[in-house]
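Architecture at a glance
Read off the chains here:
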Amino acid sequence: MGAATDRRIDKLIHLLVANGTVVVPGPKIATEIGVTRKTVWEWIEKLRALGVEIKGHHATGYQLQSIPDVLTPSLLRTDLGGVEIGHKIVHYFQADSTNSIAMELAAEGAAHGTVVVAEEQTGGRGRFGRTWYSEKSTGIYASIVLRPPLPPSAAPILTLAAGVAAQAAVSGATGLAVDIRWPNDLLVNGKKICGILTEMSAELDRLHTVVLGIGVNVNHRQMPPELAEIATSLRMEGRRVYPRSKILVAMLKEVEKHYRLLLAEGNGAIATRWEAASSFARGKRLTVRTGSEPFAATTAGLDRSGALRIRRDDGREEMLVSGEVSEVK
Ligand code: BTN
């Protein structure tokens with residue numbers, strides 16, 4: 001599983017932030033967080049490699065140049081407040097896949113609301129066995145452990161609830177117009193900026209664990225050539241750098257809100273919101289890929305189960321429960 005970030009690194013960041021842009025002597029940091037001065041220096045170097053601007057060295061002390069945009073628990077905690085989703089955050093500087101780690105932690109008994117977050121993934125996974133491009137310190141790579149008191153048939157609507165939550169969070173935090181492509185890809189100007197991979201373990205009548213893995217392209221300056229046609233980043237579209245921490249905090253709060261809404265009011269409340277948030281809900285011309293031959297269809301609303309109603313060109317109506325859609329332009 002690799003090693004989660006040492007809680008004392010989190011303390012170090014917190015200490016530097018708490019001291020504003022004042023020079024903090026190396027020995028003082030070492031004593032306060034309980035490590036040697038050499039370790040402090042090594043950790044400062046590690047933070048610098050992530051783009052955290054810290055002036056100075058062990059002889060003079062260290063001084064933060066600006067509030068760092070790292071996703072460590074103590075920095076997120078200040079803005080999160082008393083939420084259930086995110087009450088425990090496990091941070092990694094580098095992880096293979098936060099979804100894999102969250103599934104392992106869940107199998108070991110991790111509580112509902114545990115969040116795994118990484119600055120970088122070496123084996124980020126997407127839907128349909130694809131890889132998820134997970135550049136260091138530019139994107140959000142987070143996985144949320146849920147223990148829903150719901151039957152396995154609720155999994156699709158839970159996935160859509162996560163999409164609606166992510167849409168609300170990203171549009172709220174950036175002011176950009178964010179669309180949802182069924183089931184839960186977020187698009188800005190027609191290109192993908194966020195994907196959600198839902199993985200689960202279930203018993204016959206009850207979902208045991210659901211892991212919602214959320215990837216957001218935030219501050220990428222450019223996408224790799226093979227993705228450039230279909231994916232973009234918030235920075236590329238909004239022409240500014242966005243604080244990842246603000247978007248992640250908004251994301252966790254919105255997921256909590258929509259999760260509670262689903263439990264309290266049922267599928268209909270999520271389906272209505274999804275339909276309002278997505279241009280794909282009705283009258284959209286699509287190419288549908290479900291494993292067999294791709295075919296053309298037009299959307300005709302979202303079923304309360306989370307399935308997408310589509311009408312084939314010969315008039316037949318169907319409910320799409322899995323697969324991939326793309327807009328015909
Ligand atoms: C998709 O294909 O659209 C889903 C992409 C999901 C990517 C996220 S990044 C955090 C989490 N960890 C993973 O390995 N995948 C998900």
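Keep in mind that this is a model prediction, so the values were computed, not measured.

Rules used in this analysis
- Residues numbered from 1 in each chain as written.
- Predicted model: local features only at pLDDT ≥ 70, side-chain atom pairs only at ≥ 80, totals over all residues.
- Heavy atoms only, no water.
- Pairing = 2+ DSSP bridges.
- Helix = DSSP H or I, 4+ residues; strand = E, 2+ residues; numbered from the N terminus.
- Axes fitted to C-alpha atoms, helices over the stretch in contact; angles between N-to-C directions.
- Contact = heavy atoms within 4.5 Å.
- Expected span 1.5 Å × (residues − 1).
- Buried < 20%, exposed > 50% of the residue type's maximum accessible area, 1.4 Å probe, protein only.
- Parallel < 35°, antiparallel > 145°, perpendicular 65-115°, else oblique.
- Left-handed = near helix turned anticlockwise from the far one by under 90°.
- Nonpolar A, V, L, I, M, F, W, Y, C, P; charged D, E, K, R; others polar.

**Topic: the sheet that holds strand 11 (residues 295–302)**
Strand order in the open sheet formed by five strands is 13-12-11-10-14, and the pairing between neighbours is antiparallel. Among the strands making up the open sheet, the edge pair consists of strand 13 (317–320) and strand 14 (324–327). Strand-to-strand twist of the sheet, defined as the mean angle between neighbouring strand axes without regard to direction, takes the value 45 degrees. Strands strand 10 (282–289), strand 11 and strand 12 (308–312) of the sheet are contacted by helix 9 (residues 267–277), whose axis makes an angle of about 125 degrees with strand 11.

**What about helix 6 (residues 155–174)?**
Under the 1.5 Å per step criterion, the end-to-end length of helix 6 is 29 Å for 20 residues, consistent within 8% with the ideal 28 Å. In terms of burial, helix 6 is a largely internal element, 16 of the 20 residues being buried. Gly175 lies just past helix 6 and shows a positive phi near 80 degrees.

**Brief notes about the packing of helix 4 (residues 73–80) against helix 8 (residues 244–265)**
Interhelical geometry of helix 4 versus helix 8 gives an angle of 55 degrees and a closest axis separation of 10 Å. The pairing of helix 4 with helix 8 is recorded here as oblique in orientation. Here helix 4 and helix 8 pass one another in a crossing that is right-handed. Contact residues: helix 4 offers Leu76, Asp79 and Leu80, while helix 8 offers Ser245, Leu248, Val249, Leu252 and Lys253. Taken together, the residues of the contact of helix 4 with helix 8 sort by class into five nonpolar, one polar and two charged.

**Points about the environment of Lys46**
Structurally, Lys46 can be placed in helix 3 (residues 37–49). Taking the C-alpha atoms as reference points, Lys46 and Glu226, separated by 180 residues in sequence, lie 30 Å from one another. In contact with Lys46, not counting residues within four places along its chain, are Ile9 and Phe93.

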